[in-house]
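# Notes for the structure review
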Amino acid sequence: MSWVAAVARLRARREPGALVTVATVRGHAPRKAGAKLVVGRTETWGSIGGGNIEAVAIDRAREVIGTPDAEPELMEFALNDKVTGRHGVQCCGGAVSVLLEPLPVVPAVAVFGVGHVGLELARILARQDLDLHLIDTRPDQLAGERLAVLADAVAQVHVHHTPLLPEEVLAELAPGTHVLIMTHDHAEDAALCDAALRTPGLGSIGLIGSAAKWVRFKQRLATEGGHDAAAIDRIKTPIGMTGITGKEPATIAVAVAADLLQTFGQQGS
């Protein structure tokens with residue numbers, strides 16, 4: 001498996017890892033500069049030459065995997081019989097530097113409703129390194145020409161057209177996914193709020209709308225849904241960073257994105 005495919009596999013699993021690259025080689029060494037090794041919690045893919053270099057790099061990678069705010073680091077190895085490594089001697093005669101780059105689990109966000117605000121929000125979030133799920137019951141909202149503005153996204157964008165029950169997507173989301181509910185239909189919003197509270201492991205849950213809308217929703221979630229006050233309070237509404245005012249879709253989207261990015265910083269995910 002190529003290192004690119006291995007990194008993609010870790011991302012799909014939402015598993016942290018590390019990319020290890022031979023940065024420089026002086027003299028003789030097992031691999032040339034550019035050789036790569038991908039390290040997961042229990043698996044590795046590729047090789048930077050085996051022996052002590054690779055074993056030490058794997059040990060160090062697994063020490064930093066999952067460490068908050070881990071930074072890339074450079075490791076130096078002398079390959080001669082005078083240097084005894086933790087995992088034995090390599091006496092090729094050269095010297096090698098190895099770059100270790102952490103591959104953290106990126107945040108995941110699900111936007112239910114890709115209308116005016118949802119699309120503007122997607123445009124902003126698509127510039128971030130995250131997994132972005134866009135869900136809508138209306139096929140025209142997810143048409144290729146409409147979402148073409150996301151073609152150069154940094155994020156990995158996953159589009160879900162769900163004509164009948166968009167709440168079924170909730171069960172497919174990875175643990176920790178942040179959910180934003182902003183569909184065109186208040187009944188759909190209400191069903192999504194109820195389903196989100198019943199879905200274990202989600203991150204934050206946000207609902208767009210007015211105070212009057214939330215009063216009705218709270219009552220329905222309590223009486224018809226059977227949710228207690230603590231559960232209902234998991235839903236944040238209104239959404240968006242306070243202080244950013246305006247009713248234009250792009251302005252609302254900026255406020256929501258800023259609030260969400262702040263949440264990522266607080267939770268580390």
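Residues numbered from 1 in each chain as written. Predicted model: local features only at pLDDT ≥ 70, side-chain atom pairs only at ≥ 80, totals over all residues. Heavy atoms only, no water.

## Here we look at the overall build of the protein
This is how it is decided: Put simply, DSSP H or I for four residues or longer makes a helix, DSSP E for two residues or longer makes a strand, and each gets a number counted from the N terminus. Only C-alpha atoms enter the radius of gyration; for comparison, a globular chain is expected to reach 2.2 Å times N to the power 0.38, where N is the number of residues. The classification of residues rests on relative accessible area computed with a 1.4 Å probe and restricted to protein chains. Under 20% of the type maximum is buried, over 50% is exposed, and intermediate values are partly exposed. We call two residues in contact whenever any of their non-hydrogen atoms come within 4.5 Å of each other. What sets the accessible areas is the Shrake-Rupley method with a 1.4 Å probe; for residues, cover comes only from the shown protein chains.
Per the secondary structure count, the protein includes seven helices and 11 strands. For 269 residues, the compact-globule estimate of 2.2 N^0.38 gives 18 Å, and the C-alpha radius of gyration of the protein, at 24 Å, exceeds that figure by more than 25%. Taking the principal axes of the C-alpha coordinates as reference, the protein spans close to 75 × 40 × 35 Å. Within the protein, the fraction of its 269 residues that count as buried is 44%. Considering only residue pairs separated by 6 or more positions, the protein has 63% of its internal contacts joining residues 24 or more positions apart. Summing over all exposed atoms, the protein offers an accessible surface of approximately 13,500 Å²; the carbon and sulfur share of this is 54%.

## A look at the packing of helix H4 (residues 186-198) against helix H5 (residues 211-223)
Counted only if it meets this: Between the N-to-C directions of two axes lies an angle of 0 to 180 degrees, each axis being a line fitted to C-alpha atoms and, for a helix, fitted only over the stretch in contact. In what follows, roughly perpendicular refers to angles from 65 to 115 degrees, roughly parallel to angles under 35, roughly antiparallel to angles over 145, and oblique to any angle outside these ranges. The hand of a helix crossing depends on one turn: near helix anticlockwise from the far one by less than a right angle means left-handed, and clockwise means right-handed.
Put simply, H4 and H5 touch, their axes get as near as 11 Å, and they point 50 degrees apart. Here H4 is positioned oblique relative to H5, judged by the angle of their axes. For the crossing formed where H4 meets H5, the hand is right-handed. In contact with His186, Asp189, Ala190, Cys193, Asp194 and Leu197 of H4, H5 contributes Lys213, Arg216, Phe217, Arg220 and Leu221.

## A short note on the pairing of strand E6 (residues 108-112)
As a general feature of sheets, a regular strand has side chains that alternate between the two faces. Our working definition: For two strands to count as paired, DSSP must find a minimum of two bridges between them. Consider the strands pointing away from the viewer: the crossover is right-handed when the path from the first strand over the helix to the second runs clockwise.
With five of five residues buried, E6 is to be regarded as a mostly interior element. The alternating pattern of E6 places Ala108, Ala110 and Phe112 on one face and Val109 and Val111 on the opposite face, and all of these are buried. The pairing of E6 with strand E7 (residues 131-136) spans five bridges and is classified as parallel. In the strand pairing of E7, Val111 is matched with Leu134. Viewed along the sheet, the connection from E6 through helix H3 (residues 116-125) into E7 turns out right-handed. Inspection of the sheet shows E6 paired to strand E9 (residues 178-181) by four bridges, in the parallel sense. Bridge pairing in E9 places Val109 opposite His178.

## Section: the side chain of Lys213
Selection criterion: Between N or O atoms, a polar contact is any pair within 3.5 Å; within protein, one atom must be a potential hydrogen donor and the other a potential acceptor, and residues adjacent in sequence are included only when both atoms are from side chains.
The residue Lys213 is located in helix H5 in this model. The class for Lys213 is buried, based on a relative accessible area of 4%. Reaching out from Lys213, the side chain makes a polar contact with the backbone oxygen of Ile208 at a distance of 2.8 Å. Beyond its immediate stretch of four places on either side in the chain, Lys213 contacts His186, Asp189, Leu207 and Ile208.

## Re the sheet that holds strand E11 (residues 235-236)
Pairing is parallel across the open sheet formed by six strands, whose spatial order is E8-E7-E6-E9-E10-E11. With partners counted over all chains shown, the strands left at the sheet margins are strand E8 (156-161) and E11, one partner each. Together, E6, E7 and E9 form the strand contacts of H3, whose direction differs from that of E6 by roughly 165 degrees.

## Brief notes about the nonpolar core
Inclusion rule: Think of a nonpolar core as a cluster: buried Ala, Val, Leu, Ile, Met, Phe, Trp, Tyr and Cys residues, connected wherever their side-chain atoms sit within 4.5 Å.
Formed by 24 residues in total, the largest nonpolar core has its most connected members in Val109, Val111, Leu121, Leu125, Leu132 and Leu180. Only E6, H3, E7 and helix H7 (249-267) provide two or more residues apiece to this core. In contact with Val109, other than residues within four places in its own chain, are Leu125, Leu130, Asp131, Leu132, His133, Thr177, His178, Leu180, Leu260 and Phe264. With 22 residues, the next largest nonpolar core counts Ala110, Val169, Cys193 and Ala196 among its residues.

## A closer look at the environment of Ala190
Of note, Ala190 is situated in helix H4. A residue is classified by how much of its surface remains accessible, and Ala190, at 7% relative accessible area, is buried. With 34 residues separating them along the chain, Ala190 and Gln156 place their C-alpha atoms 28 Å apart. When neighbours within four sequence positions are excluded, Ala190 is seen to be in contact with Phe217 and Arg220.

## Let's talk about the confidence of the model for the protein
Rules: One confidence number per residue, pLDDT, is output by the predictor and ranges from 0 to 100.
In this model, the protein carries a mean pLDDT of 91, and residues with pLDDT of at least 70 account for 94%. Averaged pLDDT values for the elements of the protein fall to 90 in H7 and rise to 98 in E9.

## A few points about the pattern of salt bridges
Applicable threshold: In what follows, salt bridge is the name for a side-chain nitrogen of Lys or Arg lying within 4 Å of a carboxyl oxygen of Asp or Glu.
A full pass over the atoms with the stated rule returns 15 salt bridges. Its salt-bridge partner being Arg138, residue Asp136 comes within 2.8 Å of it at the nearest N-O pair. Residue Asp136 is classed as buried on the basis of its relative accessible area, which comes to 2%.

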